[in-house]
Amino acid sequence: MSAVTINESSLKDIMNSPETTPLPATAAPKPRPVPFLETERGQAYSESVGKLFRAVVPPVLGIALFVLLWQIVSASGGDTGLPGPAKTWEAAKLLFADPFYDNGPNDKGIGWNILHSLYRVGAGFGLAALVGIPLGFMIGRFQFLAGMMAPVISLLRPVSPLAWLPIGLYVFKETEPASLWVIFISSIWPIILNTAAGVSRVPQDYLNVARVLNLSEWKIFTRILFPSVLPHMMTGIRLSIGVAWLVIVAAEMLTGGTGIGFWVWDEWNNLNVEHILIAIFIVGIIGLLLEQMLMLIANRFNYE
Amino acid sequence: MHNYLHIENAKMVFDTKKGKFTALTDINLNVKQGEFIALIGHSGCGKSTLLNLVAGLTVATEGILLLSEKEIKGPGPERGVVFQNHSLLPWLTCFGNVHLAVERVFGAKESKAKLKERTQAALDLVGLSHATHKHPNEISGGMKQRVGIARALAMEPKVLLLDEPFGALDALTRAGLQDELMRIVKETHATTLMVTHDVDEAVLLSDRIVMMTNGPAATIGEILSVDLPRPRDRLALAENPAYHHLRGQVLEFLYQKNLKQAA
């Protein structure tokens, strides 16, 4: 029971009292068009805009902040400070205007240097894959071999890549095969280890299928072992190319001649700091592209 | 009638870290051609081990195992196995998975067109004509198990070995596949050995139910003949007193005579 009871007549009094504004005499208000953002299409639209916003804004902001920081650092250094973003950008435009000139040894366009480095990475990594993949399969398949190789791999794997360069120079007497050797020896470990791990992790179910069907060794390899190991192998390849790209810059600094690493060192000798900064970006961008490309390939072989 | 599958005094001892473990002992079983046998027992009673012995995936420590008078020495395509977890190769399509088996068994003496025909026929038999070119990750659990059955049947095996094939499926899908399996076994006259822990499944499908005692050193406790007329219909059986009597006998064996001690 409420404390105040309102009967019909008192309600009428309230309604008609001067304090309550009577409803306007006009009929129902004109139906207002639904605003676009409240319609279904509008909501989908605003959602996708939001998604785009969330995807684009943080990286753009990050890059902007980075450039700003760079600007502050270079400005605070005065005349002898690092070149700023604008100055570097101008130098880059000039540099990439003619990337493929060739003025004899030690003076080639940036394009040539990049291609030389990529070639070395490709060749050194290719050799590593050629040796590492079969070796990884064997280590994974044969316990005895795994036991044999384990101490050798554990010993050699942590060695800094550049420590291998003098050995290469001594054995091959030339810089080109020596730098390939460095790439080879430093990028082979991830391939071996990941392939071996992949082989030893082939699910027993799949191997049981092979046994029940009594498949030949070749069929076991092509239909079961290889496809099952492929994702692990791709991980190894990705890590291995990453290492190779890291190592090439350092190796070329020491061996000289051509390549992005040599170019960095050459520009250091010329005291062309803009070019060194550009080189850092080039190395970073190419490394990123290699990684993305291999990720795309790896996803193609992911069956889970 | 001669014994198609003959198991005599089979014993299986595993070497474990804690020493020898006797999983099975004194297993004696004779299966006639075309018979459907269900192996039932509590988990860990070694029913899957027994199936693996027949499959040749494990070799018996002692005893004799013969299939149509030949000794079982290792796995072979004349024994089609359907695994509990389907074990399809994810990088092959349904067709590819079945074709792998067909190719192995008939590849040497038949044309490529004939092999494809056999593969397709096996998929048709399990009602998967429409999913031929799908990969295992694109189909349901029940469909995967059908592909597993198709793969086993396509080899035209002497015996079909099913290791809890429907254990991982929901009740409705399971019922559908049980009916399907009854139809397939009727059409192909396959000799079948099926591991199950489902009493209804065992009574519905089999001619004889082999009930196993609890491990370690499990053995065959009782063998129950299921003389229900075929074709069997699950709805009609629900009203059938004989069905309930058989079901009761299995339950009695499992829960009174051989109740597993709570661990």
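Fair warning: this is a prediction, and the values are worked out from it, not measured in the lab.

Caption draft 1: Quick look at the overall build of chain B. Within chain B, the regular secondary structure consists of eight helices and 10 strands. Over its C-alpha atoms, taken along the principal directions, chain B stretches across nearly 55 × 45 × 40 Å. In chain B, which comprises 263 residues, the share counted as buried stands at 43%. Pairs at least 24 residues apart make up 71% of the contacts formed inside chain B by residues separated by at least 6 positions.

Caption draft 2: Spatial organisation of the domain arrangement of chain B. Residue and element names in this part refer to chain B. Each assigned domain of chain B is listed here: domain 1 (34-60 + 72-78 + 157-263) and domain 2 (88-155). Measuring from the centre of the C-alpha atoms in domain 1 to the corresponding centre in domain 2 gives 25 Å. At the junction of the two partners, domain 1 supplies 13 residues and domain 2 supplies 12 residues. The leading source of residues in the side of domain 1 that touches domain 2 is helix H5 (residues 171-188), at six residues.

Caption draft 3: Structural view of the nonpolar core. Residue and element names in this part refer to chain B. Of all hydrophobic cores here, the largest spans 128 residues; its most connected members are Leu 39, Val 54, Val 98, Ala 150 and Val 250. When residues of this core are sorted by domain, at least three fall in each of domain 1 (34-60 + 72-78 + 157-263) and domain 2 (88-155). Here Ala 150 is in contact with Val 98, Ala 122, Leu 123, Leu 125, Val 126 and Leu 128, once residues within four sequence places are set aside.

Caption draft 4: Representation of the interface of chain A and chain B in the model. Taken residue by residue, the interface counts 13 residues in chain A and 16 residues in chain B. For the side of chain A that touches chain B, the secondary structure elements donating two or more residues are helix H8 (204-213) and helix H9 (217-255) of chain A. Counting residues per element, the side of chain A that touches chain B draws most heavily on H8 of chain A, at seven residues. Here the side of chain A that touches chain B is composed, by residue class, of eight nonpolar, two polar and three charged.

Caption draft 5: Just the sheet that holds strand S5 (residues 70-71) of chain B, in detail. Residues and elements named next belong to chain B. Ordered by their spatial adjacency, four strands build an open sheet running S2-S1-S4-S5, and the pairing between neighbours is antiparallel. Of all the strands in the sheet, just strand S2 (19-31) and S5 have a single pairing partner and so form its edges. Where strand S1 (residues 5-16) and strand S4 (residues 62-67) come together, five bridges link them in antiparallel fashion. Within S4, the position partnered with Glu 8 by the bridge is Ile 64.

Caption draft 6: Structural detail: the sheet that holds strand S3 (residues 36-40) of chain B. Residues and elements named next belong to chain B. If you walk across this open sheet you meet the six strands as S6-S7-S8-S3-S9-S10, and the pairing is mixed. Edge positions in the open sheet fall to strand S6 (79-82) and strand S10 (220-225), since each of these has one partner strand only. Across the sheet, the axes of successive neighbouring strands diverge by a mean angle of 15°, strand direction being ignored. Taken together, the five bridges between strand S9 (residues 208-212) and S10 define a ladder with antiparallel strand orientation. Bridging across to S10, Ile 209 finds its partner in Leu 224. Along the sheet, helix H8 (residues 241-257) makes contact with S3, S9 and S10, crossing S10 at roughly 175°.

Caption draft 7: Spatial organisation of the packing of H9 of chain A against helix H10 (residues 260-269) of chain A. All names here are of chain A. The N-to-C vectors of H9 and H10 enclose an angle of 55°; their axes lie 6 Å apart at closest approach. Taken together, H9 and H10 sit at an angle that is classed as oblique. The handedness of the crossing between H9 and H10 comes out as right-handed. Contact with H9, carried on its side by Ile 248, Val 249, Ala 250, Ala 251, Glu 252 and Met 253, involves Ile 260, Gly 261, Phe 262, Val 264 and Trp 265 of H10 and no other residues of that element.

Caption draft 8: Region of interest: the environment of Val 67 of chain A. Structurally, Val 67 of chain A is set in helix H2 (residues 40-76). Between the alpha carbons of Val 67 of chain A and Ile 153 of chain A there is a distance of 42 Å; along the sequence they are 86 residues apart.

Caption draft 9: Expanded view of unusual backbone geometry. All names here are of chain B. Across the junction of Arg 230 and Pro 231, the peptide omega takes the value -5°, indicating a cis bond. On the secondary structure map, Pro 231 appears in the loop between S10 and helix H7 (234-237). One non-glycine residue, Asn 9, lies in the positive phi region at around 50°. With respect to the helices, strands and loops of the structure, Asn 9 is situated in strand S1.

Caption draft 10: Local environment of the pairing of S4 of chain B. Residues and elements named next belong to chain B. In the sheet, S4 pairs with S5 via two bridges, with the strands oriented antiparallel. Looking at the pairing, Leu 67 lines up with Lys 70 of S5. Taking the residues between adjacent antiparallel strands as the criterion, S4 and S5 are bridged by two residues, where Ser 68 takes a positive phi near 40°.

Caption draft 11: Layout of the packing of helix H4 (residues 110-141) of chain A against H10 of chain A. Residue and element names in this part refer to chain A. Where H4 meets H10, the closest approach of the two axes is 7 Å, and the angle between their N-to-C directions is 135°. Our classification of the angle between H4 and H10 gives oblique. Packed against H4, whose contacting residues are Ile 110, Asn 113, Ile 114 and Ser 117, the element H10 presents Ile 260, Gly 261 and Trp 263 at the interface. When its residues are assigned to classes, the contact of H4 with H10 shows four nonpolar, three polar and no charged.

Caption draft 12: Examining the environment of Ala 101 of chain B more closely. Here Ala 101 of chain B lies in helix H2 (residues 94-106). Along the backbone, Ala 101 of chain B and Pro 90 of chain B are 11 residues apart, and their C-alpha atoms lie at a distance of 15 Å.

What counts as what
- Residues numbered from 1 in each chain as written.
- Chains lettered and ligands numbered in written order.
- Predicted model: local features only at pLDDT ≥ 70, side-chain atom pairs only at ≥ 80, totals over all residues.
- Helix = DSSP H or I, 4+ residues; strand = E, 2+ residues; numbered from the N terminus.
- Buried ≥ 20, exposed ≤ 12 C-beta atoms within 10 Å, placed from the backbone.
- Contact = placed C-beta atoms within 7 Å.
- Domains from an automatic or database assignment.
- Core = buried A, V, L, I, M, F, W, Y, C linked by C-beta atoms within 7 Å.
- Nonpolar A, V, L, I, M, F, W, Y, C, P; charged D, E, K, R; others polar.
- Pairing = 2+ DSSP bridges.
- Axes fitted to C-alpha atoms, helices over the stretch in contact; angles between N-to-C directions.
- Parallel < 35°, antiparallel > 145°, perpendicular 65-115°, else oblique.
- Left-handed = near helix turned anticlockwise from the far one by under 90°.

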